Amino acid sequence: MRKWMGAALAAALCLSPAAALADDLTLPSGEVLPLGSEVAVWRGADSYFAEKLDAVLADPALAEAIAQDFIEAGVYGESEKADAERVGQAVADIIRESRMYQLRSVSGNTMYTAYVLSLPLDLPLTEADTARWNRWAREFGEEAGVSGEALARLDRHGELSQSVKAGMEAAKLAARSEGTSAGGVSYQLSMTQLTPEAYDYAMPLWLGVLGTTKADGGNLTVTVILADQASGRYFAPILAKAAEAAK
């Protein structure tokens, strides 16, 4: 799934609604996270590449590449290509609706930054699709050592959001807080630090994942926050407070 995740990142970076710096983070599904006057939010539409990326996202090859990734990952078999292409098109639509932001804040003589990717998970999945996704998430979770309780939730519920939660646990993201905000938004916020290595270089990173559902119901929005570890520790309490006050 490397190809279309790269496309999601690029799309989100370039297609966010144009706006000036602000202290509120408005997610693509409408939830608003008040980050306070110390934080500025940069939105991707200011990017030089925004106009150029429109043509790339309109290319039908994007959905086809996503479908092929599903088949290679084992979510769908070769004989289920039509189903993979149908869901691939739905995921391509999500990529087009996703948004990316950069958070900036200055404390003393240091600027802290974090990158935010937010995706509204409105997938028109059939029961068979959901079963495939949850089977794939369960197998992935078993290999990664996810707790038996987390895997059992897949059997009890079966919604796509449960697959997302299992994936979060598989990535060693221990839930730090969850509940309903003062504005009625249901949320789950998880955070971790990790240090992946590539070509003998270590990359100390901080990762946060925020799942939200609007007060009037609707679909899950997953927001991923990526930063260096120092910036992550700086933004962690700000994000936790914003989740509690989301509207």
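We now turn to the structure provided with this report. (Residues numbered from 1 in each chain as written. Predicted model: local features only at pLDDT ≥ 70, side-chain atom pairs only at ≥ 80, totals over all residues. Heavy atoms only, no water.)

**Remarks on helix 4 (residues 81-97)**
Phase 1 of the analysis: Here helix 4 is 17 residues long and its end C-alpha atoms lie 24 Å apart, about the 24 Å a rise of 1.5 Å per residue gives.
Phase 2 of the analysis: Inspection of helix 4 places Ala84, Val87, Gly88, Ala90, Val91, Ala92, Ile94 and Ile95 among the buried residues, and these make up the whole buried set. (Helix = DSSP H or I, 4+ residues; strand = E, 2+ residues; numbered from the N terminus. Expected span 1.5 Å × (residues − 1). Buried < 20%, exposed > 50% of the residue type's maximum accessible area, 1.4 Å probe, protein only.)

**Details of the nonpolar core**
Phase 1 of the analysis: With 26 residues, the main nonpolar core has Leu25, Leu33, Leu35, Leu103, Trp206, Phe235 and Leu239 as its most contacted residues.
Phase 2 of the analysis: Looking at this core, the elements that each hand over two or more residues are strand 4 (99-107), strand 5 (110-120), strand 7 (186-194), strand 10 (205-213), strand 11 (221-228) and helix 8 (229-244).
Phase 3 of the analysis: Per element, the largest residue contribution to this core is six residues, and it comes from helix 8.
Phase 4 of the analysis: Setting aside chain neighbours within four positions, we find Trp206 in contact with Met191, Thr192, Gln193, Ile225, Leu226, Ala227, Asp228, Gln229, Gly232, Arg233, Ala236 and Leu239. (Core = buried A, V, L, I, M, F, W, Y, C linked by side-chain atoms within 4.5 Å. Contact = heavy atoms within 4.5 Å.)

**Let's talk about the packing of aromatic side chains**
Phase 1 of the analysis: Enumeration according to the criterion identifies three aromatic pairs in this entry.
Phase 2 of the analysis: Ring centres of Phe70 and Tyr76 lie 6.2 Å apart, and the angle between their planes is 45°; this geometry places the pair in the tilted category.
Phase 3 of the analysis: Note on Phe70: relative accessible area 0%, which makes it buried.
Phase 4 of the analysis: Judged by its relative accessible area of 2%, Tyr76 is buried.
Phase 5 of the analysis: Between Tyr234 and Phe235, the ring centres sit 5.2 Å apart and the planes meet at 85°, which makes this aromatic pair edge-to-face.
Phase 6 of the analysis: Take Tyr234: its relative accessible area is 21%, and that puts it in the partly exposed class.
Phase 7 of the analysis: Put simply, the rings of Tyr112, Tyr234 and Phe235 touch in pairs and so form one group of aromatic residues. (Phe/Tyr/Trp six-rings, centres within 6.5 Å; stacked < 30°, edge-to-face > 60°.)

**As for the packing of helix 3 (residues 61-73) against helix 4**
Phase 1 of the analysis: One way to put it is that helix 3 packs onto helix 4 with a least axis distance of 7 Å and a crossing angle of 125°. As the angle between them shows, helix 3 and helix 4 are arranged oblique. Crossing geometry of helix 3 relative to helix 4 is assigned as right-handed. Residues Leu62, Ala63, Ile66, Ala67, Phe70 and Ile71 of helix 3 touch helix 4, and the partners they reach there are Lys81, Ala84, Glu85, Val87, Gly88, Gln89, Val91, Ala92, Ile95 and Arg96.
Phase 2 of the analysis: Residues that form the contact of helix 3 with helix 4 fall into these classes: 11 nonpolar, two polar and three charged. (Axes fitted to C-alpha atoms, helices over the stretch in contact; angles between N-to-C directions. Parallel < 35°, antiparallel > 145°, perpendicular 65-115°, else oblique. Left-handed = near helix turned anticlockwise from the far one by under 90°. Nonpolar A, V, L, I, M, F, W, Y, C, P; charged D, E, K, R; others polar.)

**Some thoughts on empty space enclosed by the protein**
Phase 1 of the analysis: The tally for this structure, following the rule as stated, stands at one cavity of 30 Å³ or more.
Phase 2 of the analysis: In this structure, the largest cavity occupies an estimated 30 Å³ of space.
Phase 3 of the analysis: What lines the largest cavity is Leu25, Leu33, Leu103, Val116, Leu210, Thr223, Ile225 and Leu239. (1 Å grid on protein atoms, 1.4 Å probe; cavity = no way out; pocket = protein on both sides within 12 Å on 5 of 7 lines; lining within 4 Å. Points joined across faces, edges and corners; volume = space filled by probe spheres on them.)

**A word on helix 8**
Phase 1 of the analysis: A rise of 1.5 Å per residue sets the reference length of helix 8, with its 16 residues, at 22 Å; its end C-alpha atoms lie 23 Å apart and thus fit the reference within 8%.
Phase 2 of the analysis: Along its length, helix 8 shows its largest kink, about 35°, at Phe235, and proline Pro237 lies within four residues downstream of that point.
Phase 3 of the analysis: Within helix 8, burial applies to Gln229, Ser231, Gly232, Phe235, Ala236, Ile238, Leu239, Ala242 and Ala243.
Phase 4 of the analysis: Residues of helix 8 that are buried sit in contact with strand 2 (32-34), strand 4, strand 5, strand 7, strand 10 and strand 11.
Phase 5 of the analysis: A distance of 3.1 Å separates the backbone nitrogen of Ala230 from a side-chain oxygen at the start of helix 8, and that oxygen is part of Asp228. (Bend = angle between axes of the 7 residues up to and from the residue. Polar contact = N/O pair within 3.5 Å; in protein donor to acceptor, adjacent residues only side chain to side chain.)

**Quick notes on the pattern of salt bridges**
Phase 1 of the analysis: Taken as a whole and assessed by the stated rule, the structure comprises one salt bridge.
Phase 2 of the analysis: Of the charged contacts in the structure, one is a salt bridge between Asp83 and Arg86, with a shortest N-O distance of 3.2 Å. Of this pair, Asp83 and Arg86 are both found in helix 4, three residues apart, which corresponds to roughly one turn of the helix.
Phase 3 of the analysis: Note on Arg86: relative accessible area 34%, which makes it partly exposed. (Salt bridge = Lys/Arg side-chain N within 4 Å of Asp/Glu carboxyl O.)

So, to be careful, I would describe these as geometric facts and stop short of saying anything about function.
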